[in-house]
Amino acid sequence: MKLFTATRACCLLVLLILAPGLQAEQATVAAASSLRPTLDQMVEAFEEQHPEDSVVLIYGASGRLTTQILNGAPFDLFLSANTEFPEQIAAAQAEASLPQLYAGGQLALWSAKQDAREIGWEGLLSPDVRRIAIAQPDIAPYGQRAKEALIHYGVWDQVQGKLVYGESVSQTARMALSGAADVAVIAASLVQQDIMKQQPYMPVDVSSHLPLSQSMVVTAKGSANPVAVAFSRFVMSEQGQSILAAAGFLPVAQIRSAE
Amino acid sequence: MSFDVVVNWEREGFCLEVSEAFPSVGVTALYGPSGCGKTSLLRIVAGLEPAVSAQVRFKNQIWQTTGGFVPIEKRRIGLVFQEASLLPHLSVESNLEYGWRRTPVSQRRLVPADIYQMLALAPLLTKRTGQLSGGQRQRVALGRALMTSPDLLLLDEPMAALDAEAKRQILPYLARVVRETDTPTLLVTHSASEVLRLADNICFMESGKVAGPVTLSDALKDPGSPLFSDSGALSVLHGTFAREDASGWGAFSTSSYSLHVRNLADYASSAPGLSGGQADRLQIQARDVSIALTDPAQISIQNHLSAKVTSLTEKDDGMTLVQLTLADGQSLIAELTSASVSRLGLSPGLSVWALIKSAALLQ
Amino acid sequence: MAEFFTFTPADWQAIWLTLKLCFITTVLLMILATPLAWWLARGGSWFHTVVQSLVALPLVLPPTVLGFYLLILLGPQGWIGRGLESMGLNHLAFSFNGIVLASLIYSLPFAVQPLQDAFSRLGHRSLEVAASLGASPLDRLLTVVFPLCRGGLVTAATLSFAHTMGEFGVILMLGGSIPGETRVLSVMIYDYAEALNFENAHRLSLLMLVFSFTVLVAVYGKQRRLSFFAQRDTES
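Draft legend 1. The arrangement of the overall build of chain C in detail. The number of helices and strands found in chain C is eleven helices and zero strands. When the helices and strands of chain C are listed from N to C terminus, the series reads α-α-α-α-α-α-α-α-α-α-α. Counting only C-alpha atoms, chain C reaches 65 × 50 × 30 Å along its principal axes. Taken over 236 residues, chain C has a buried fraction of 39%.

Structure, rendered in structure tokens:
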């Protein structure tokens, strides 16, 4: 008998399929995880200015987000950590916008144990540094640039055995935060967060790697969404750019001259 | 009316080839050694082998044929397996009622009260299946099968899994059931004693082949009968037993004569409710029968029956089986030394006296 | 301390979504898996072996691989997604229905295997007996198979529920972490960890742990008590 009642309860529950949520004036924005928490602040500022509009943020690895967009993900705007992924989307979707540069990324060396400036690039070779974390170069642009920097400073071959890879640059940051990795090469924007302030970071010279030209693209779905377009404009506005600069990104102008 | 089975089924070790009409009244025993195909045949009759090509016709219903198959739940049969197979999640009472509830009211010929009384099931009703002994479980299984008022009762070696004590206890119930419910029964067994106690007709089976049905009396007339292989030649007399005193002595009577025999105490007490006035069977071992040419007066043996010699069969071991016909036409076999046979000058047609030293009342 | 246990509205949304997903998946899975497990338990042909292996496949495939191929198949470019769109329906990627389908596939072996075990242990005799007493096939299913296989049924439902609750890789890939649609608890916790928002991550994880553990204790405890009593009856 109990089985019967339980079955009935389950069936009732199944029938409680929620109707599709009310879609107010809303845009869904996909963003590279390196933009955490900067983009949260951006959205807050935007919503203050545009009270009837709201933005839903979905963070993730740029590579995975791109695959999902190419396979029908309902994202209106995509802020990537590089330019190649937005170019792929623009090429695949006729109604998508052209990729637009919105900021330049910077790298930072960071350790939870000590001041990263005291380790430096040569310190990576020391036996005290057992594991070095970078984002997976194939899927995360920051990882690719970290690899270039390591090559530039001539330590790439020697540190091969010590490298561990994060699926995203924020997972890489977590590896360093937990101590699982002694040192990490991550996005400068991430080390601005309170939890990372426990140790100073070492900024990485932009000339040691190719530029981290971070572009965004309005997807085919988002092209009909005025909120998405408005937000993309907000990112490019003076207010948006200053939020990015305060978070450790390079302004667009500087990146343009580097290219 | 009868029921017919035609089947040609390749099995491991033998091929079941049957084309036979079985009697549809009384108890028919399918008797044969293990592995001869008798259970397979029973399963086909039951409807448990739909994939086998066979023809089964019961009275006027076609149960199985090349194009059609009546599933087991639609055949009005009662099935009792070797292991009682009581449904473990139900109580004894629920097991018994399972079939009763699924029998249409119009077809309920047997009522639960009668069946419970017949099989002494009342004290078992409140128990759980796990609390019953082997014999008790089989009684419940039998009762359960009867609750559907089946047209045909199929028993697949119902006592093979019981110990000797349980067997002795359940046989009276089984005999009572087949007598009182008047349900045609197909009994699969390799036990000669079961056949002697219960069967009206016998089909001998071997390696997948079935011999046609013979009555028990006719089967016992064959000196080389497989029924004699266990304990030697014997005879079974049909009559009525009436108990005379508490120790079990009584009179076994037929239309022409009466024998003073004892019903063993265990039988009397283990089968409450059974009384005289029913068809009983008496088993007499051939070696317990002596022959005299005249009716002896001062002799310890109490039972003297007048008989006529029908035939003589000499065996290898110096013994001769003497077939006798009694006053009411029933047969009796005596085993004498060949020397005695020639000394007495026994020959077919001669009138003699059969002296029976002991007899066992078969329930 | 009390603050630790306050959940945000987004948390409640994820909790509700997860419960919905688990319940719906479990119910649908029991409906699908029962006949399939029965068929697998009762047959021995090569075809049965093939199907049994297919059913077990989600156990060995990496979740993100499974999620990736489901994304391609069910999205607007995929064979199934395109078919749906041509019929005027939405494709299944990034939708609740899509992750229900993914959960059905991913948790299928967890439902089928305990059921198949229970059904094959049942044997034929009880059903032959019930049939001889006049029970139709459906009657036999309800009055003999289900009561005698109750343990298997409960295990299958419990494992399906628990497994669906813990799913991550497939749902993230196919679902896309859309709030209110596909952002289930496991994805939510991952998101919090990604944002280095450990307190929220701890809070939700603890909730999931306590809930799952309580459910498992309740189910297994009941099973143990039932089988203990049944054992006791048989022995006396």
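Draft legend 2. Geometry of the arrangement of the chains. With two pairs of chains in contact overall, the contact-richest pair is chains A and C. For the non-touching pair chain A and chain B, the nearest C-alpha separation works out to 14 Å.

Draft legend 3. View of the sheet that holds strand β1 (residues 26-32) of chain A. All names here are of chain A. Taken in spatial order, the five strands line up as β2-β1-β3-β10-β4 in an open sheet, and their pairing is mixed. Pairing within the sheet leaves two strands with one partner each, and these edge strands are β2 (54-60) and β4 (100-105). Adjacent strand axes in the sheet meet at a mean angle of 20°, parallel and antiparallel pairs treated alike. Bridge analysis of β1 against strand β3 (residues 77-79) gives three bridges, and the strand direction is parallel. Considered in β3, the bridge of Val29 is made with Leu77. Contacting β3 and β10 (212-218), helix α4 (residues 84-92) crosses the sheet at an angle of about 30° to β10.

Draft legend 4. Expanded view of the sheet that holds strand β7 (residues 163-166) of chain A. All names here are of chain A. Overall, mixed pairing links the five strands, which are arranged β7-β6-β8-β5-β9 in an open sheet. Sheet topology places β7 and β9 (202-203) at the edges, where each strand pairs with a single neighbour. Across four bridges, strand β5 (residues 107-110) lies against strand β8 (residues 183-187) in antiparallel orientation. Residue Trp110 lies in a different strand from β8, and its bridge partner there is Ala184. Contacts from helix α8 (residues 169-178) reach β5, β6 (132-135), β7 and β8 within the one sheet, and its direction differs from that of β8 by about 150°.

Draft legend 5. Spatial organisation of the confidence of the model for chain C. Mean pLDDT over chain C: 89, with 94% of residues reaching 70 or higher. Reported confidences for the modelled complex are a pTM of 0.78 and an ipTM of 0.82.

Draft legend 6. Broad picture of the interface of chain A and chain C. Contact residues are listed per partner, giving 23 residues for chain A and 22 residues for chain C. Elements represented by at least two residues in the side of chain A that touches chain C include exactly α1 (2-15), β2 and α8 of chain A. Its residues assigned to classes, the side of chain A that touches chain C shows twelve nonpolar, nine polar and two charged.

What counts as what
- Residues numbered from 1 in each chain as written.
- Chains lettered and ligands numbered in written order.
- Predicted model: local features only at pLDDT ≥ 70, side-chain atom pairs only at ≥ 80, totals over all residues.
- Helix = DSSP H or I, 4+ residues; strand = E, 2+ residues; numbered from the N terminus.
- Buried ≥ 20, exposed ≤ 12 C-beta atoms within 10 Å, placed from the backbone.
- Contact = placed C-beta atoms within 7 Å.
- Pairing = 2+ DSSP bridges.
- Axes fitted to C-alpha atoms, helices over the stretch in contact; angles between N-to-C directions.
- pLDDT = per-residue confidence, 0-100.
- Nonpolar A, V, L, I, M, F, W, Y, C, P; charged D, E, K, R; others polar.

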